[in-house]
Each structure stands twice: as structure tokens, then as C-alpha cells.
Amino acid sequence: MLKRRGALVAAALLAARPILAQPTTWNDWLGTYAGAARFHRSIPLEDIYPPPQAPRENYDDGTPFALHFALRAAGGSLAVWLRIDGGPMQTDERGETMVFGPVTDGVAMLSSADARALPRTASLTVRPNQLGTEALFTHADGSFWRRHFTATFTPAGADVILWVFDATGTRARTWRGSTLRRT
């Protein structure tokens, strides 16, 4: 009797359709957003060994700066245009566009980019109410910096967080702000 049940369960599992990922909601987010961000804080990363006895926080200029981004459909995936007008992750005046491949399990990899400073690599993460990009850029001297951009969508626009990690990977600087949806 148990063997028969086991065989039936195994047959049911083999005949079952594969589980498909839930459709992403990013189509609801398509449009242009504009707002401002300001410096939040600088913190040491916890994986530094040995950890500092008294972590030092650096405070940058708290003056707000403009932040613009747009999301558009790009052949079944998503293109993210980003323009940042201040801080160390400032883009040029035309901004930068990153086009990502298909979203699989909430993640997509960079398929192409249009910017003066092209990222070496980038990824896109999509959650039910949030979208994030992570891009690695190289300086002329060979060092690098990593920028994270996260937008948590609200009825009027999106709350944003920008994170920049330095070349040594020892400090993260964060900026926070809000944007309104224009279109």
C-alpha cells in the first residue's frame, strides 16, 4: 500500500507543470520620476577585520541635489535611465541608460548601456514594490566604485536610496530622497 502511494506521488510530481515565476509589476512603474536626494550618512562596513573600536561616521554636505530617473519597457525587459546631479556618483548632464535582459526570479543582468562612463557590470533587482540597480564602475587609475540605486514605489512616486561603496570596500556612503512621478 505504501509503495503504491509513493509511486502515485512520484508520478504526480513528474506530471506536474513547472512552477513559473510570478509576473513582475514593473509595468505599473513605467514613466519618468524627478525629485531630490541629500546626504544621509557614511558608515564603515561590518566585514572589516579587525573591526574599528569606535566606528567613525563622516558627514558630507547635506545640500539636496536633483535626481531623475525613468523606466521604460525594452523588448520584454526594463531600461533604467538615471541622472544624478550631485555627490560622488554624479552622472553627466545627459544621464545614463542601462538596459537589462529578461527578469528571472526577480533579477536581470545588464545587456547594454549608454553612458559616458560605462559600468563594467550591472544588475537589476525587482521586488513587489521596489526596484534596484547595482553597477560597478572603473576609474582611470584602475580603482573602482560600486553604486546602488533603490526606488521603493509609493502612490505619488518613489522613495530612493543611493549607496556608494569606495574602492577599498571599507566605507559606504548613503543618500536618501523622494521623487514624484511625472508621467
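Residues numbered from 1 in each chain as written. Predicted model: local features only at pLDDT ≥ 70, side-chain atom pairs only at ≥ 80, totals over all residues. Heavy atoms only, no water.

(A) Molecular detail of the overall build of the protein chain. Scanning the protein chain from terminus to terminus reveals one helix and 10 strands. Walking the protein chain from its N terminus toward its C terminus, one meets helices and strands in the order α-β-β-β-β-β-β-β-β-β-β. The buried share among the 183 residues of the protein chain stands at 37%. By sequence separation, contacts in the protein chain at least 24 residues apart represent 43% of the contacts at least 6 residues apart. Per element, the accessible surface of the protein chain, about 11200 Å² overall, is 57% carbon and sulfur. (Helix = DSSP H or I, 4+ residues; strand = E, 2+ residues; numbered from the N terminus. Buried < 20%, exposed > 50% of the residue type's maximum accessible area, 1.4 Å probe, protein only. Contact = heavy atoms within 4.5 Å. Areas by Shrake-Rupley, 256 points an atom, 1.4 Å probe, with all protein chains shown as cover.)

(B) Broad picture of the packing of aromatic side chains. Here the structure, examined in full by the defined rule, presents five aromatic pairs. Residues Trp-29 and Phe-153 carry aromatic rings whose centres are separated by 4.2 Å and whose planes lie at 15° to one another, so their mutual orientation is stacked. Linking Trp-29 in the loop between helix H1 (2-15) and strand E1 (31-44) with Phe-153 in strand E8 (residues 144-153), this pair joins segments that are 124 residues apart in sequence. You'll find Trp-29 and Phe-153 in the same group, each marked buried. An aromatic cluster of at least three residues, connected via ring pairs, comprises Trp-29, Tyr-33, Phe-69, Phe-149 and Phe-153. (Phe/Tyr/Trp six-rings, centres within 6.5 Å; stacked < 30°, edge-to-face > 60°.)

(C) Region of interest: the nonpolar core. In terms of nonpolar packing, the biggest core is built from 32 residues, with Phe-69, Phe-153 and Leu-162 touching the most fellow members. At the level of elements, E1, strand E2 (65-74), strand E3 (77-84), strand E4 (96-100), strand E6 (121-127), strand E7 (130-138), E8 and strand E9 (157-165) are the ones that each hand at least two residues to this core. Non-local contacts of Leu-162, meaning those with residues more than four positions away in its chain, are made with Ala-37, Phe-65, Leu-67, Ile-84, Met-89, His-148, Phe-149, Arg-173, Thr-174 and Trp-175. (Core = buried A, V, L, I, M, F, W, Y, C linked by side-chain atoms within 4.5 Å.)

(D) Just unusual backbone geometry, in detail. The phi angle at Asp-105 is positive, at roughly 55°, despite the residue not being glycine. Among the residues examined, Asp-105 registers a relative accessible area of 67% and is labelled exposed.

(E) Summary view of the side chain of His-68. Tracing the sequence through the fold places His-68 in strand E2. Residue classification places His-68 among the buried positions, given a relative accessible area of 17%. Not counting chain neighbours up to four residues away, the residues in contact with His-68 comprise Tyr-33, Ala-34, Trp-81, Leu-82, Arg-83 and Asp-85.

(F) Highlighting the pattern of salt bridges. All chains considered together, the criterion is met by seven salt bridges. Two residues, Arg-94 and Asp-92, come together in a salt bridge whose shortest N-O distance is 3.7 Å. On the basis of relative accessibility, which here comes to 17%, the residue Asp-92 falls in the buried class. A salt bridge links Arg-147 to Glu-96; the nearest nitrogen and oxygen atoms lie 2.2 Å apart. Placement of Arg-147 in strand E8 and of Glu-96 in strand E4 is noted, with a sequence separation of 51 residues between them. In this structure, Arg-147 and Glu-96 share a single accessibility class: buried. Connected via shared salt-bridge partners are Asp-92, Glu-93, Arg-94, Asp-114 and Arg-116. (Salt bridge = Lys/Arg side-chain N within 4 Å of Asp/Glu carboxyl O.)

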